[in-house]
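Each chain, letter by letter, is given below.
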Amino acid sequence: MASTSDNGFRTRLGRVRGLGSAKSGGAHWLAYRMVAVLLVPLTVWFLISIVRLAKAEHADAIAWVHQPVNAVLLLITLIATFHHAAAGMREVYEDYIHGKLARLIAIGLTNGAAILLAAASVFAVLKIAFGA
Amino acid sequence: MSETSVAKKARPLSPHLQVYRLPLPAVSSITHRFTGIALTVGTLVLTWWLVAAASGPDDFDTAQHVLGSPIGLLCLLGWTWAFGYHLLKGIQHLIWDTGTGITNASAQRSSALVFGGSFVLTAIVWIAAFAL
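Residues numbered from 1 in each chain as written. Chains lettered and ligands numbered in written order. Predicted model: local features only at pLDDT ≥ 70, side-chain atom pairs only at ≥ 80, totals over all residues. Heavy atoms only, no water.

1. Side note on the overall build of chain B
A count of helical and extended segments in chain B gives five helices and zero strands. Each helix and strand of chain B, placed in order from N terminus to C terminus, yields the pattern α-α-α-α-α. Relative to the globule expectation of 14 Å for 132 residues, the C-alpha radius of gyration of chain B, 21 Å, shows a markedly less compact shape. Viewed in the frame of its principal axes, chain B has a C-alpha envelope of about 75 × 35 × 30 Å. Across the 132 residues in chain B, those meeting the buried criterion constitute 35%. Look at the contacts in chain B between residues 6 or more apart in sequence, and 70% of them connect residues 24 or more apart. About 8,300 Å² of surface is accessible on chain B, with carbon and sulfur atoms providing 72% of the total. When the 7 positive and 5 negative side-chain charges of chain B are each reduced to one mean point, those points stand 33 Å apart. (Helix = DSSP H or I, 4+ residues; strand = E, 2+ residues; numbered from the N terminus. Rg over C-alpha atoms; globule rule 2.2 N^0.38 Å. Buried < 20%, exposed > 50% of the residue type's maximum accessible area, 1.4 Å probe, protein only. Contact = heavy atoms within 4.5 Å. Areas by Shrake-Rupley, 256 points an atom, 1.4 Å probe, with all protein chains shown as cover. Lys, Arg positive; Asp, Glu negative; His and termini not counted. Charge placed at Lys NZ, Arg CZ, Asp CG, Glu CD.)

As structure tokens, this is what we get:
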């Protein structure tokens with residue numbers, strides 16, 4: 001009896017048809033990977049920069065962010081980091097939170113927090129970069 | 001009837017986590033998750049530091065003072081290791097995504113490399129931070 005469900009006569013398409021669509025799962029997976037690849041050089045650059053700013057006075061830190069190259073790289077690093085953090089936390093929730101509503105709330109709150117923190121940090125960088 | 005067919009199949013059971021000695025790649029995998037969560041929490045501090053830098057010397061000095069306190073340094077040390085670990089483990093995952101290195105022996109070796117490398121990276125960063 002059990003063998004009828006996985007008999008070899010059905011095509012691959014036939015076996016998955018009707019089980020629900022993947023929707024944008026592929027795009028989400030790929031974006032998570034591409035941002036992760038991007039973060040490898042960016043975070044290494046950021047870490048080296050931060051180490052050099054370890055004993056920085058305010059003026060030193062401001063001067064560093066003032067450099068256009070640093071400001072641009074910092075903005076990309078921040079946006080990529082918050083995207084990656086939200087995507088990663090979502091995977092954790094999807095694995096461990098079994099209640100549908102609780103999972104949805106956790107993902108929503110995390111995405112909201114990520115957007116808020118990304119906006120605040122990007123604004124801070126722009127404020128320094130434009131010399132306020 | 002369904003019960004007997006399930007029993008007959010004798011499906012492999014999940015390891016009982018309290019008595020099962022996790023293999024190194026499994027420990028390595030869950031550590032990737034924990035470091036990811038820790039780093040997500042760390043983005044709060046990163047945002048705070050940038051906002052403090054943007055708001056002026058007084059707030060920035062406060063941030064530098066808190067981060068330079070013993071507890072602050074301990075947190076930064078932990079985040080440095082978490083970052084180094086997550087970076088190396090992430091690279092391992094990206095390599096795995098290409099279908100390379102997915103054998104027991106290879107996973108064992110690369111997981112050991114990830115653990116070892118994370119401590120080396122942490123040491124390099126902190127020696128550099130204090131030497132520079």
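Still more ground to cover, so stick around.
2. A word on the UniProt feature "transmembrane region" (unreviewed entry) in chain A
Residue and element names in this part refer to chain A. Summarizing the sequence annotation, UniProt attributes the feature "transmembrane region" (unreviewed entry) to residues 30–51, 71–89 and 101–126 in the numbering used throughout. Taken end to end, residues 30–51 is 100% helix and 0% strand, and its first and last C-alpha atoms sit 31 Å apart. For residues 101–126, the end-to-end C-alpha separation is 37 Å, with 100% helix and 0% strand making up the annotated structure. (UniProt positions renumbered as here; feature names shortened; annotations may be inferred.)

3. A few points about the UniProt feature "binding site: heme" (unreviewed entry) in chain B
Sequence positions flagged by UniProt for "binding site: heme" (unreviewed entry) are, in local numbering, His86 of chain B. By secondary structure assignment, the location of His86 of chain B is in helix α4 (residues 70–97). Overall, His86 of chain B belongs to the buried group, its relative accessible area being 18%. With sequence-adjacent residues up to four places away left out, His86 of chain B is seen in contact with His84 of chain A together with His32, Thr35, Gly36 and Leu39 of chain B.

4. With respect to the packing of aromatic side chains
Residue and element names in this part refer to chain B. Throughout the structure, instances matching the rule amount to six aromatic pairs over all chains. Seen in terms of ring centroids, Trp81 and Tyr85 are 5.5 Å apart; in terms of plane orientation they differ by 40 degrees. Their pairing is tilted. Of this pair, Trp81 and Tyr85 both sit in helix α4, four residues apart, roughly one helical turn. Note on Tyr85: relative accessible area 0%, which makes it buried. For the ring pair Trp81 and Phe119, a centre distance of 5.8 Å and an interplane angle of 20 degrees mean the geometry is stacked. Separated by 38 residues along the polypeptide, Trp81 in helix α4 and Phe119 in helix α5 (residues 104–131) bring together distant segments of the chain. (Phe/Tyr/Trp six-rings, centres within 6.5 Å; stacked < 30°, edge-to-face > 60°.)

5. Here's the deal with the interface of chain A and chain B
Interfaces are often sized by the amount of accessible area the parts lose when they come together. With 40 residues of chain A in contact, the opposing surface of chain B contributes 31 residues. Contact between chain A and chain B buries roughly 2,800 Å² in total, counting both sides, with carbon and sulfur atoms accounting for 75%. The largest share of the area that chain A buries against chain B comes from Leu47, Val51 and His58 of chain A, three residues that together contribute 19% of it. Counting every contact that joins chain A to chain B gives two salt bridges. Taking the shortest distance from any N to any O, the salt bridge between Arg33 of chain B and Asp95 of chain A comes out at 2.8 Å. Secondary structure elements with two or more residues in the side of chain A that touches chain B: α2 (25–52), α3 (58–66), α4 (68–96) and α5 (100–129) of chain A. By residue number, the principal contributor to the side of chain A that touches chain B is α2 of chain A, which donates 12 residues. Here the side of chain A that touches chain B is composed, by residue class, of 28 nonpolar, five polar and seven charged. (Buried area = accessible area lost by both parts, 1.4 Å probe. Salt bridge = Lys/Arg side-chain N within 4 Å of Asp/Glu carboxyl O. Nonpolar A, V, L, I, M, F, W, Y, C, P; charged D, E, K, R; others polar.)

6. Overview of the packing of α2 of chain A against α4 of chain A
Residue and element names in this part refer to chain A. The interhelical angle for the contact between α2 and α4, taken along N-to-C directions, is 135 degrees, at an axis separation of 9 Å. The orientation of α2 with respect to α4, classified from their angle, is oblique. Note on packing geometry: the crossing formed by α2 with α4 is left-handed. In terms of residue class, the contact of α2 with α4 is made up of 14 nonpolar, seven polar and three charged. (Axes fitted to C-alpha atoms, helices over the stretch in contact; angles between N-to-C directions. Parallel < 35°, antiparallel > 145°, perpendicular 65-115°, else oblique. Left-handed = near helix turned anticlockwise from the far one by under 90°.)

7. What about the nonpolar core?
Among the nonpolar cores identified, the biggest contains 29 residues, and Leu74, Leu78 and Val125 of chain A together with Trp49 and Leu50 of chain B are the most heavily contacted of them. When contributions to this core are tallied by element, the ones reaching two or more residues are α2, α3, α4 and α5 of chain A together with α2 (24–55) and α3 (57–68) of chain B. In terms of residues, this core owes the most to one element, α5 of chain A, which gives seven residues. Setting aside residues up to four positions removed in sequence, Leu78 of chain A forms contacts with Ser121, Val122 and Val125 of chain A together with Leu46 and Leu50 of chain B. (Core = buried A, V, L, I, M, F, W, Y, C linked by side-chain atoms within 4.5 Å.)

8. Here we look at the UniProt feature "transmembrane region" (unreviewed entry) in chain B
Per the UniProt record, the feature "transmembrane region" (unreviewed entry) sits at residues 30–51, 71–91 and 112–131 of chain B. Secondary structure within residues 112–131 of chain B divides into 100% helix and 0% strand; the distance between the first and last C-alpha atoms comes to 29 Å.

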